[in-house]
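Coordinate inspection notes
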Amino acid sequence: MVQNSPQNPGQGKRSLVLITVDCLRADHCGLYGYARPTTPFLDSLAPESFVVPAAIVAGAPTYYSFPAILASRMPLALGRDVVGLAPGESTLATVLRESGYATAAFSAGNPYISPRFGYDHGFEVFRDFLDFETQSIENTVNLETPSADSARGKLNRSIKSFAGALGLGSLYNELYFQYCMKIAPAAESVDALRRFPAADILVDEAQSWLASVGQRPFFLWLHLMDPHSPYYPPNEAFRELAGRDIEPGRARYLNEYWNRSDMTSSGLSAKRDEVVQLYDAGIRWMDRQIARLVDSLKRTHLWDDCVFALTADHGEEFFEHGGRYHAPIRLSEEIVRVPLLIRVPGERGVKVPASPMSHLHLAPTLLEIVGVQAPSAFQGRSLWANLQRGVAWDDPAIIECVYGCTNPFRAESRNASRLIGVRDARFKLVMRIESGATEEVYDLEADPAETRPSSDGGALEIRKRLLQAAREHMERTVSTRDPVLRLRARLRDLRSEILGRIETLNH
Ligand SMILES: [Zn+2]
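The following paragraphs examine the structure supplied in this document. Predicted model only: the values in this text are computed from it and were never measured.

Reading the values: rules and limits
- Residues numbered from 1 in each chain as written.
- Predicted model: local features only at pLDDT ≥ 70, side-chain atom pairs only at ≥ 80, totals over all residues.
- Heavy atoms only, no water.
- Donors = N, O, S within 2.8 Å, 3.2 Å for Na, K, Ca; no water.
- Helix = DSSP H or I, 4+ residues; strand = E, 2+ residues; numbered from the N terminus.
- Buried < 20%, exposed > 50% of the residue type's maximum accessible area, 1.4 Å probe, protein only.
- Contact = heavy atoms within 4.5 Å.
- Polar contact = N/O pair within 3.5 Å; in protein donor to acceptor, adjacent residues only side chain to side chain.
- Pairing = 2+ DSSP bridges.
- Core = buried A, V, L, I, M, F, W, Y, C linked by side-chain atoms within 4.5 Å.
- Salt bridge = Lys/Arg side-chain N within 4 Å of Asp/Glu carboxyl O.
- Phe/Tyr/Trp six-rings, centres within 6.5 Å; stacked < 30°, edge-to-face > 60°.

The coordination sphere of the zinc ion, as far as protein atoms go, consists of Asp22 (OD), Thr62 (OG1), Asp313 (OD) and His314 (NE2), spread over 2.1 Å. Look at where the donors of the zinc ion fall in the sequence and you get D-x39-T-x250-D-H. Of the two residues, Asp22 sits in the loop between strand S1 (15–21) and helix H1 (40–45) while Asp313 sits in the loop between strand S7 (306–312) and strand S8 (317–318), which places them 291 residues apart along the sequence. By relative accessible area, Asp313 is classed as buried at 0%.

Following Ala60, the chain continues into Pro61 via a peptide bond in cis, with omega recorded as 0°. Structurally, Pro61 can be placed in the loop between strand S3 (55–56) and helix H2 (62–71). In this model, Ser229 is joined to Pro230 through a cis peptide bond whose omega is -10°. Structurally, Pro230 can be placed in the loop between strand S6 (218–224) and helix H8 (235–242). The residue Ser72 is not glycine, and still its phi comes out positive at about 50°. Here Ser72 shows up in the loop between H2 and helix H3 (92–98).

As a further point, take the environment of Asp200. Here Asp200 lies in helix H7 (residues 199–210). Exposure remark for Asp200: the relative accessible area of 23% places this residue in the partly exposed category. With sequence-adjacent residues up to four places away left out, Asp200 is seen in contact with Trp285, Gln289 and Arg292. Here Trp285 takes part through its side chain, which lies 3.1 Å from a polar atom of the side chain of Asp200.

A few words now on the pairing of strand S16 (residues 439–443). Relative to S16, strand S15 (residues 427–433) is paired through five bridges, and the arrangement is antiparallel. Its bridge partner being in S16, Met431 is matched across the sheet by Glu439. With antiparallel pairing between neighbouring strands as the criterion, S15 and S16 make up a hairpin whose turn holds five residues, including Gly436 at a positive phi of roughly 75°.

By size, the foremost hydrophobic cluster in this structure holds 133 residues, and its most contacted members are Phe308 and Ile342. Membership of the second largest hydrophobic core comes to 16 residues, among which are Ala68, Ile398, Ile420 and Met431.

All right, on to the pattern of salt bridges then. In total, this model carries 39 salt bridges according to the counting rule given. Residue Arg25 pairs with Asp27 through a salt bridge whose shortest N-O separation is 2.7 Å. In this structure Arg25 comes out as buried when scored by relative accessible area, which is 4%. Ionic pairing is found between Arg25 and Glu320, a salt bridge with its closest N-O pair at 2.7 Å. With a gap of 295 residues between them, Arg25 in the loop between S1 and H1 and Glu320 in the loop between S8 and strand S9 (324–325) connect regions that are remote in the sequence. One continuous salt-bridge network, built from bridges that share partners, spans Arg25, Asp27, Arg272, Asp273 and Glu320.

It is worth spelling out helix H13 (residues 362–370) at this point. Residues spaced three or four apart along an α-helix point in a common direction, a consequence of the helix completing one turn every 3.6 residues. Among the nine residues that make up H13, eight are buried, leaving the element largely enclosed by the rest of the structure. At the exit of H13 stands Gly371, carrying a positive phi of roughly 80°.

Here the focus is the packing of aromatic side chains. One pass over the full model with this rule turns up 19 aromatic pairs. With a centroid separation of 5.6 Å and an interplanar angle of 50°, the aromatic rings of Phe66 and Trp221 are classed as tilted. Highlighted residues: Phe66 in helix H2 and Trp221 in strand S6, separated in sequence by 155 residues. Across the pair, exposure class does not vary: Phe66 and Trp221 are buried alike. Both rings, one in Trp258 and one in Phe319, keep their centres 5.3 Å apart while their planes meet at 85°; by these two values the pair is edge-to-face. With Trp258 in helix H9 (residues 248–258) and Phe319 in the loop between S8 and S9, this residue pair connects regions lying 61 residues apart in the sequence. A relative accessible area of 0% means that Trp258 is categorised as buried.

Structure representation (structure tokens):
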């Protein structure tokens, strides 16, 4: 499948495995102090790795996070109407491929990481599993989407508003939910309910690709969705954590319940611990499969020349601040702080300082580690020397996204107010930019749970410093925007929109 180039320009270079895990928050990993044994394999890798205590995403969710991970570029730097990577934009994959690497990506069915958004650039092999067949379609109960336009949905809406007028809204909702759960076909297994391919499927594919690479150095990117909702972990992983088997009907009930929009947060919170147990089991499965991948790299003697990095595109909320899942509404630590482990052969991991490491710096750092020059278009810089020597750095991590934008396809969604975070080693400023906007400053040392944003004069100097960093970031965004990349991306989007419309007309 992959041919060696005649000059073999990559010969002698180190390979790179990058694993990104959707929705994996740092504090649910053992190596970050989590009490439950979610990540025994990564924990065992930690002593010989650089474990970054404060790795911070450049944006959330997926579509505002990945431009920084792969292309060292802030998510809104090309304008809000550019979602994903621009055609011709330099990425880890394009740079490594030009340097003679064999390149492949296996992504577990996240539609935002697809060729539509430019993520296949630079990969000789790109598989996004968007054709993943789940047997679950008729097995799921979704109170909102499937019923919306059906006769049953319309009837339900009328009854619901009538019940609401009588003050019986929540009673009606509860009964309707219970009814939907009762009439759903029995769930035979969690495997049948799962929406995304589990990590073992991707690791299998990666292994067969690796067997075809030959002598070339390689870049392998895996994006795993095991901790992503709906939470349907393989039973084996659940059993290892919980000491009992998953009851598929219960797992479905919990997921459907957790997804309800008609419940107060206190009502939903009652199920929190059980839902977290499912989420954690997804992490455990991912960890186990990574162990299997590393094991095969060791058996084939590739591990000794292989740099290994693992991180996440954002975290996940479980009502720490009143929300669930990962909508860009808050920039609290459970959303923005992700694990980052980098294992470099021949290097003993040293203690990494608590300076926040933005994902913006990840690609340049990885390129320096494998000895490949980073392109000048990258906005981040390599922190390899700091990591190696354990020396702190000063620049704060900037986080930017669009407030509440859960559908970047819709202009009104992606044009909502900008949400900016500036996080240094101790403080974090969060600001929603709109008229009359105010900013909040959190002291993560005195208030790690982020429950008391400071607003008094005592924090004035800190506030000034963080605001200044936000301003410089905004100015840079405008002054360094690349008009050619932006136009290319707009043209691509327009083309796919037109093609989509033609297709609709043809049906
Ligand atoms: Zn994501």
